[in-house]
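Each chain is listed here by its residues.
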Amino acid sequence: QSPSEIPYYHTRSLQAPMMETPYSAQKRPDSHQCCSVLSCLTFPPLGLLALYHSTNVNKSWGEGRYGDCVEHSRQANNFSCWGATIGIGIILYLWVKKTGFSFDFDLWD
């Protein structure tokens, strides 16, 4: 078939999806403020960094610095995810240590 005979729905699948990069920002990225606040509660060192970057997303977008806006959004996401993961890990570790939780079950004896 010639290219003019290919149906439209087949030509759409040939196009690669455009990824959002700092140079092609079309809409304001997510600021991840909710995740940043939760990360502040679980592990404050990384949570404060996440909160800093999440507040700079809106500030950078308002100033027209779209590349910085996308980068702040990515950093806020990274810091909040790592902060929440480390914080929950520490909380679980302390809980297991305090309760003396063991895996010795008497059910199989």
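Residues numbered from 1 in each chain as written. Predicted model: local features only at pLDDT ≥ 70, side-chain atom pairs only at ≥ 80, totals over all residues. Heavy atoms only, no water.

Peer 1: How should I be thinking about the pattern of salt bridges in this particular structure?
Peer 2: As a working rule, side chains carrying opposite charge can pair if their charged atoms are close by. Scanning all chains against the criterion turns up three salt bridges. Across the pair Glu63 and Arg65 runs a salt bridge, and its minimum N-O distance is 2.8 Å. Taking relative accessible area as the criterion, Glu63 reaches 47% and is therefore assigned partly exposed. Here Asp68 makes a salt bridge to Arg65, at a shortest N to O gap of 3.1 Å. Among the charged side chains, a network of salt bridges with common partners joins Glu63, Arg65 and Asp68. (Salt bridge = Lys/Arg side-chain N within 4 Å of Asp/Glu carboxyl O. Buried < 20%, exposed > 50% of the residue type's maximum accessible area, 1.4 Å probe, protein only.)

Peer 1: What exactly am I supposed to notice about the environment of Thr55 here?
Peer 2: Relative to the helices and strands, Thr55 resides in helix α3 (residues 44–63). Measuring from C-alpha to C-alpha, the distance between Thr55 and Ala76 comes to 8.9 Å, with 21 residues separating the pair along the chain. For Thr55, the side chain forms a polar contact with the main-chain oxygen of Tyr52, separated by 2.8 Å. (Helix = DSSP H or I, 4+ residues; strand = E, 2+ residues; numbered from the N terminus. Polar contact = N/O pair within 3.5 Å; in protein donor to acceptor, adjacent residues only side chain to side chain.)

Peer 1: Which parts of the structure should I look at to understand unusual backbone geometry?
Peer 2: What is expected of a backbone is that most residues other than glycine have negative phi and most peptide bonds are trans. For His32, which is not a glycine, the phi torsion comes out positive at approximately 60°. Checked against the element boundaries, His32 lands in the loop between α1 (8–12) and α2 (33–42).

Peer 1: Mind showing me how you'd approach the side chain of His53 here?
Peer 2: Checked against the element boundaries, His53 lands in helix α3. A residue is classified by how much of its surface remains accessible, and His53, at 13% relative accessible area, is buried. If we skip the residues at most four places from it in the chain, His53 touches His72, Gln75, Ala76 and Phe79. (Contact = heavy atoms within 4.5 Å.)

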